[in-house]
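Chain and residue survey
Spelled out, the chains give:
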Amino acid sequence: MRALPSARPASPRRTRTQRRRPTIEWQVCGVCNYDCSYCIQSKKYRVGHPTPAEVERFLAFFRALPGAWEIKTTGGEPFAFRDFTRRIVPGLIEDTRHTLSTLTNLSAPLPILLDFAEQTRGRLGIVSASLHLEFTTPEEFVSKALALREAMDERASLVVNEVVVPGRLDEVERARRLVEEAGLRWFPQILKTKQGTHDYGAEAERVEVLTGSDPDPRRANLAPSYQGQLCWTGVEYFVLTQQGEAWSCRTAKRHGQGYLGNALSGTVELRAAPLPCPYEICPCTTPANRGMIEGVGLGEER
Ligand code: SF4
Ligand code: SF4
């Protein structure tokens, strides 16, 4: 791997968003045990995972990173990949500089989730638990989420995120009530499409009640536009695919831009300085909530 710039380079501007938390969103696998009708990843890409040898090369890449990073594992579904709990989690927590977070649909058997909580004690950041009502009930999900949160490191957090699925708002509203009555945090996401965001039409008012009219990125994901604002993705944040490709952010990847090299072939080079965002929407709240976007965020969760 070529030398990477420091995770905290000198920045050209100091703004109130300078509490950035260097973060990598690592797609540990494409495979998922669900098949949600609204999944943004088409089915043909929801396959595959790295070989054991590639897993070891990913872990070596993280060990070679300068500074401390939050490594947020995503998929597909991370727990649907056997080596996630067998090798990736133990390998990531070996390096005590980094924090481990994960996005999961919480479908793994409870003993596996509890074992994950135990293994990651002192090292866990955030569990983003996605509630998909096409494959589970809110009661079953909430029960598992509560058990996991109880077993987790008390400094870590768990957030329940849920897509506001068009035509199913009664179910979404009920799920929100159950999640919040259980004392868990509920985070709505509007439905994203390949073109941008879904037009809810006659349901828009009910959706606004669920999301709030102008929520900050800790409260809801409305895929806003930050066009023209300085963004540190590519500098202190990047997305890593299961094939090892590093991209500055998800939107850049969708446009075939922001390619930073490949972690498996040792060619990742981060940018030295932030750039103004050129895109019309920012579909993922992780960069905003890690302080990557000028004037936005400072959030701690999700
Ligand atoms: S759980 Fe997530 S990755 Fe899997 S099908 Fe559903 S939306 Fe897609
Ligand atoms: S889409 Fe979001 S993460 Fe990507 S460059 Fe723009 S502001 Fe940054």
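Here we come to the site of ligand 2. Around ligand 2, the surrounding shell consists of Tyr 226, Cys 231, Thr 233, Cys 249, Thr 251, Cys 277, Tyr 279, Ile 281, Cys 282, Pro 287 and Ile 293. The residue makeup of the shell around ligand 2, split by class, is nine nonpolar, two polar and no charged.

Bringing the environment of Ile 293 into the picture now. You can see Ile 293 is positioned in the segment after helix 8 (286-289). The class of Ile 293 is buried, set by a relative accessible area of 2%.

Within a sheet, neighbouring strands are paired by backbone hydrogen bonds and run either parallel or antiparallel to one another. The strand order 6-5-4-3-2-1-8-9-10 describes an open sheet built from nine strands, whose pairing is mixed. Each end of this open sheet is capped by a strand with a single partner; those strands are strand 6 (185-190) and strand 10 (259-262). Each strand axis lies, on average, 20° off the axis of its neighbour in the sheet, ignoring direction. Running at roughly 170° to strand 8 (residues 237-240), helix 1 (residues 52-64) makes contact with strand 1 (23-27), strand 2 (70-74) and strand 8 of the sheet.

Residues Ile 24, Trp 26, Phe 62, Leu 158, Phe 238 and Leu 240 are the most contacted members of the largest nonpolar core, which totals 64 residues. If near-sequence neighbours (up to four positions away) are discounted, Ile 24 is found in contact with Phe 62, Leu 65, Trp 69, Glu 70, Ile 71, Lys 72, Phe 238 and Leu 240. In this structure, Leu 230, Trp 232, Ile 293 and Val 296 belong to the second largest nonpolar core, which totals 16 residues.

If you walk through the whole model with that rule in mind, you get ten aromatic pairs. Three or more aromatic residues joined by ring pairs make a cluster, and in this case those are Trp 26, Phe 58, Phe 61, Phe 62, Trp 69 and Phe 238.

A few words now on helix 3 (residues 110-119). Every α-helix winds through 3.6 residues per turn, so residues three or four apart in the chain are directed the same way. Taken residue by residue, helix 3 has Leu 113, Phe 116 and Ala 117 as its buried positions. Around the axis of helix 3, the buried residues are gathered within 100° of arc, so they sit on the same side. On its buried face, helix 3 is in contact with helix 2 (82-94), strand 3 (99-104), strand 4 (124-130) and helix 4 (138-151).

When helix 6 (residues 204-211) is considered as a whole, its buried residues turn out to be Val 207, Leu 210 and Thr 211. All buried residues of helix 6 lie within an arc of 85° about the axis, which places them on one face of the element. Residues of helix 6 that are exposed and point over 90 degrees away from its buried face: Glu 205 and Val 209. Those residues of helix 6 that are buried are in contact with strand 5 (157-164), helix 5 (169-181) and strand 6. Gly 212 lies just past helix 6 and shows a positive phi near 85°.

Rules used throughout
Residues numbered from 1 in each chain as written. Chains lettered and ligands numbered in written order. Predicted model: local features only at pLDDT ≥ 70, side-chain atom pairs only at ≥ 80, totals over all residues. Heavy atoms only, no water. Near = heavy atom within 4 Å. Nonpolar A, V, L, I, M, F, W, Y, C, P; charged D, E, K, R; others polar. Helix = DSSP H or I, 4+ residues; strand = E, 2+ residues; numbered from the N terminus. Buried < 20%, exposed > 50% of the residue type's maximum accessible area, 1.4 Å probe, protein only. Pairing = 2+ DSSP bridges. Axes fitted to C-alpha atoms, helices over the stretch in contact; angles between N-to-C directions. Contact = heavy atoms within 4.5 Å. Core = buried A, V, L, I, M, F, W, Y, C linked by side-chain atoms within 4.5 Å. Phe/Tyr/Trp six-rings, centres within 6.5 Å; stacked < 30°, edge-to-face > 60°. Arc of directions from axis to C-beta.

On their own, these measurements won't tell you what the molecule is for.
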